[in-house]
Amino acid sequence: MTAYDVIVLAGGAAKRLGGADKPGLRVGGRALLDRVLSACADAAVTVVVGGRRATARPVVWTREVPEGGGPLAALGAGLRMTTAERVLVLSADLPFLGRGTVDALLTAAGEPGREGALCTDPDGRDQPLVAAYRAEPLRRELALIATEHGSLAGLPLRLLTAELDLTRIDAGPDASFDCDTWDDIAAARARIREHGAVLDEWITSVKNELGIDLDVDTALLLDLARDAAHGVARPAAPLTTFLVGYAAARASAGAGPDEAAAAVAEAARKATDLALRWEAETEASGGEAAGAGGSGSGTADGTAGGAGRDAGREGTGTP
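These figures come from a predicted structure and were not determined experimentally. (Residues numbered from 1 in each chain as written. Predicted model: local features only at pLDDT ≥ 70, side-chain atom pairs only at ≥ 80, totals over all residues. Heavy atoms only, no water.)

J.: How do you make sense of the sheet that holds strand β4 (residues 45-49) when you look at a structure like this?
T.: Through backbone hydrogen bonds, the strands of a sheet pair up, either in parallel or in antiparallel fashion. Read across the open sheet, the seven strands follow the order β5-β4-β1-β6-β8-β7-β9; overall the sheet is mixed. Both edges of this open sheet fall to β5 (60-62) and β9 (166-170), since each of them pairs with a single strand only. Each adjacent strand pair in this sheet contributes to an overall mean axis angle of 25 degrees, direction not counted. As defined by bridge partners, strand β6 (residues 86-91) adjoins strand β8 (residues 126-134) across five bridges and the pair is classed as antiparallel. Residue pairing for β8: L88 is matched across the bridge by A132. Relative to the sheet, helix α3 (residues 99-109) contacts β6, β7 (116-120), β8 and β9, its axis offset from that of β7 by approximately 140 degrees. (Pairing = 2+ DSSP bridges. Helix = DSSP H or I, 4+ residues; strand = E, 2+ residues; numbered from the N terminus. Axes fitted to C-alpha atoms, helices over the stretch in contact; angles between N-to-C directions. Contact = heavy atoms within 4.5 Å.)

Structure follows, in structure tokens:
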């Protein structure tokens, strides 16, 4: 993938949220802004237009002039900080934006003769803040608009998109879902707890919280936990997965994410094999005990072959 820059618009008054700090609102334990930043982590330069705050990864900060001047003014301010041939433009309130949508936009924006690509929502409406633009025509049109109107402040985005040759991408309902109201926030929080998504959301949130850049094979670790719980004891599941992580960290110290992921897989394989051996021994011992109990060779006191209670004292000097 050719290098690209990204501009995230994180200003605005959030009037429908009562003036709340919208980029900082948490969905699935992560700030909305951080969720957007995670979808474009490989950008060469990431510019956030808005008030400075702590973020999950380093960004370049800037503000539109005047502050509160609207999305076109914010886009113009951000564009001055970029140099790549393609620029991804996103709002900071997209909780379900994924890497797949980002790749689709960047690919479409690079098609010959096109000046960019944007998503459309389920109702067919353009989403110019879920888009990728070629930088040269984007700069050209912003300059023309500023010349015509005296500035970019207070102007709608449709003045820009109407002049560009853009590809429309239907990325599904989630990619363009934004959080403008408290009902939107509640809906987003409920959606990530749905059965099909909650585990991936949780793992991503934990990695973000712990500062871990690692592709986790969730199915592999779940299988390990199941085998440890079934073959050893239920409390063995979380303890075993912890030890696997610790062993992998030691084995891959100083290595990159790919090597670390391989170390996790290898440690998990060893622990799984061990749990299965434990289970096999338990089943074998149960069968052997059942066979011995039915042989008739035991005595009434449970000793084998008529051996007395003191048989184990031989050689101890006990009379």
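J.: Please clarify how helix α4 (residues 135-149) should be interpreted in this entry.
T.: Since the α-helix packs 3.6 residues into each turn, any two residues three or four apart lie on the same face. Helix length check: α4, at 15 residues, gives a terminal C-alpha distance of 21 Å against a target of 21 Å (1.5 Å per residue), a fit within 8%. Buried positions along α4 lie against α2 (71-79), β6, β8 and α5 (158-161). G150 sits one or two positions beyond α4 and adopts a positive phi of about 90 degrees. (Expected span 1.5 Å × (residues − 1).)

J.: Help me understand the pattern of salt bridges, please; the structure alone is not making it clear to me.
T.: When the charged atoms of two side chains with opposite charge come close together, those side chains can pair. By the definition in use, this model includes 20 salt bridges. For the salt bridge of K22 with D93, the shortest nitrogen-to-oxygen distance reads 3.0 Å. Pair noted here: K22 is in the loop between β1 (5-9) and β2 (26-27) and D93 is in the loop between β6 and α3, with a separation of 71 residues, a long-range link. Here K22 matches D93 in class, with each residue buried. A salt bridge links R63 to E67; the shortest N-O distance between them is 3.6 Å. (Salt bridge = Lys/Arg side-chain N within 4 Å of Asp/Glu carboxyl O. Buried < 20%, exposed > 50% of the residue type's maximum accessible area, 1.4 Å probe, protein only.)

J.: For this particular structure, what's the right way to read the packing of aromatic side chains?
T.: Two numbers describe a pair of aromatic rings. These are the distance of the centres and the angle of the planes. Enumeration according to the criterion identifies two aromatic pairs in this entry. Ring centres of F96 and F177 lie 5.7 Å apart, and the angle between their planes is 55 degrees; on these two criteria the pair is classed as tilted. Of this pair, F96 sits in the loop between β6 and α3 while F177 sits in the loop between α6 (172-175) and α7 (182-191), and the two are 81 residues apart along the sequence. For the pair F96 and F177, one class covers both residues: buried. Pairing F242 with Y246 gives two aromatic rings, centres 6.5 Å apart and planes at 25 degrees, and the pair type is stacked. Here F242 pairs with Y246, and both are found in helix α10 (residues 236-251), just four residues apart, close to one helical turn. Note on F242: relative accessible area 54%, which makes it exposed. With relative accessibility at 47%, the residue Y246 sits in the partly exposed group. For R191, the ring lying beneath its charged end belongs to F177, and the centroid distance is 4.7 Å. (Phe/Tyr/Trp six-rings, centres within 6.5 Å; stacked < 30°, edge-to-face > 60°. Lys NZ or Arg CZ within 6 Å of the ring centre and 35° of its normal.)

J.: Teacher, can you tell me more about the pairing of β6 here?
T.: Across the six residues of β6, six count as buried, placing the element largely inside the fold. Both faces of β6 are covered, namely the face carrying R86, L88 and L90 and the face carrying V87, V89 and S91. In terms of strand pairing, β1 meets β6 through five bridges, oriented parallel. Pairing of V8 across the sheet is with L90, part of β6.

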